[in-house]
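Coordinate inspection notes
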Amino acid sequence: MNRLPALMFALLLGGACAHTPPPGDPETLRPAVEGFHKNLRWRNYRALSNLLVPEERPDFERKRRELHDDRDLTITDYEIEDVKMAEDGKRATVQSRIQWMRLPSASEQTDTVTSEFVFRDGVWLLEKQQAGPFAGELE
């Protein structure tokens, strides 16, 4: 009989843990970050849009059409320089160096881009981005 309170506590604690969403895994972050950069480089904006938080997708897609990015935006190179995961495992900050140009300009630009990914519903999604070809859009 003395074990009943301990058993009840363990069941209650176990049930609470089952409802707490798990943190993001660095191994699941890597494909999301690499996928974002590869889709950007190959102008696959539909797939790129799916890597964004849902509330940003309509504006992002509209802006790609308005700017004719499928023909005018070229990513010539990218390099992922640093990835920092938050302690809670639900956020990550990624520093990348991206070389790009958007017609009609023929000048290549090089930016250090800071991207903030969030872990939502079991997947990593891009929430914010500073600098680069989408500067001012994902803030």
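Residues numbered from 1 in each chain as written. Predicted model: local features only at pLDDT ≥ 70, side-chain atom pairs only at ≥ 80, totals over all residues. Heavy atoms only, no water.

A word on helix 2 (residues 26–41). Its 16 residues place the ends of helix 2 23 Å apart at the C-alpha level, agreeing with the 22 Å of an ideal helix rising 1.5 Å per residue. For helix 2, the complete set of buried residues consists of Leu29, Ala32, Val33, Gly35, Phe36, His37, Asn39 and Leu40. In this fold, the buried residues of helix 2 make contact with helix 3 (45–50), strand 1 (73–85), strand 2 (91–102), strand 3 (109–120) and strand 4 (123–130). (Helix = DSSP H or I, 4+ residues; strand = E, 2+ residues; numbered from the N terminus. Expected span 1.5 Å × (residues − 1). Buried < 20%, exposed > 50% of the residue type's maximum accessible area, 1.4 Å probe, protein only. Contact = heavy atoms within 4.5 Å.)

Attention now moves to the nonpolar core. If you look at the biggest cluster of nonpolar residues, it comprises 23 residues, and the most contacted ones within it are Phe36, Leu40, Leu48, Leu73, Phe117, Trp124 and Phe134. Counting only elements with at least two residues in this core, the list comes to helix 2, helix 3, strand 1, strand 2, strand 3 and strand 4. The element that contributes the greatest number of residues to this core is helix 2, accounting for 5 residues. When neighbours within four sequence positions are excluded, Leu73 is seen to be in contact with Leu40, Arg43, Tyr45, His68, Trp100, Met101, Arg102, Pro133 and Phe134. (Core = buried A, V, L, I, M, F, W, Y, C linked by side-chain atoms within 4.5 Å.)

Turning to the pairing of strand 2, a few remarks are in order. In this sheet, strand 2 lies alongside strand 1 in antiparallel orientation, the contact comprising 11 bridges. Each residue of the ladder has a partner; that of Lys84, found in strand 2, is Thr93. Hairpin connection between strand 1 and strand 2: a loop of 5 residues separates the two successive antiparallel strands, and Gly89 in this loop has a positive phi of roughly 75 degrees. Where strand 2 lies against strand 3, 10 bridges are found, and the strand directions are antiparallel. Counterpart to Arg97 in the pairing with strand 3 is Thr112. (Pairing = 2+ DSSP bridges.)

If a residue is not glycine, its phi is most likely negative; likewise, a peptide bond is most likely trans. At the junction of Leu103 and Pro104, the peptide bond is cis and its omega measures out at 15 degrees in the coordinates. Positive phi, close to 55 degrees, is recorded for His68, a residue that is not glycine. Within the secondary structure layout, His68 lies in the loop between helix 4 (57–66) and helix 5 (69–72).

Turning our eyes to something else, we now look at the sheet that holds strand 1. Read across the open sheet, the 4 strands follow the order 1-2-3-4; overall the sheet is antiparallel. The sheet terminates laterally at strand 1 and strand 4, the two strands that pair on one side only. The mean inter-strand angle of the sheet, taken between neighbouring strand axes irrespective of direction, is 30 degrees. Helix 2 rests against strand 1, strand 2, strand 3 and strand 4 of the sheet, and its axis sits at about 165 degrees to strand 1. (Axes fitted to C-alpha atoms, helices over the stretch in contact; angles between N-to-C directions.)

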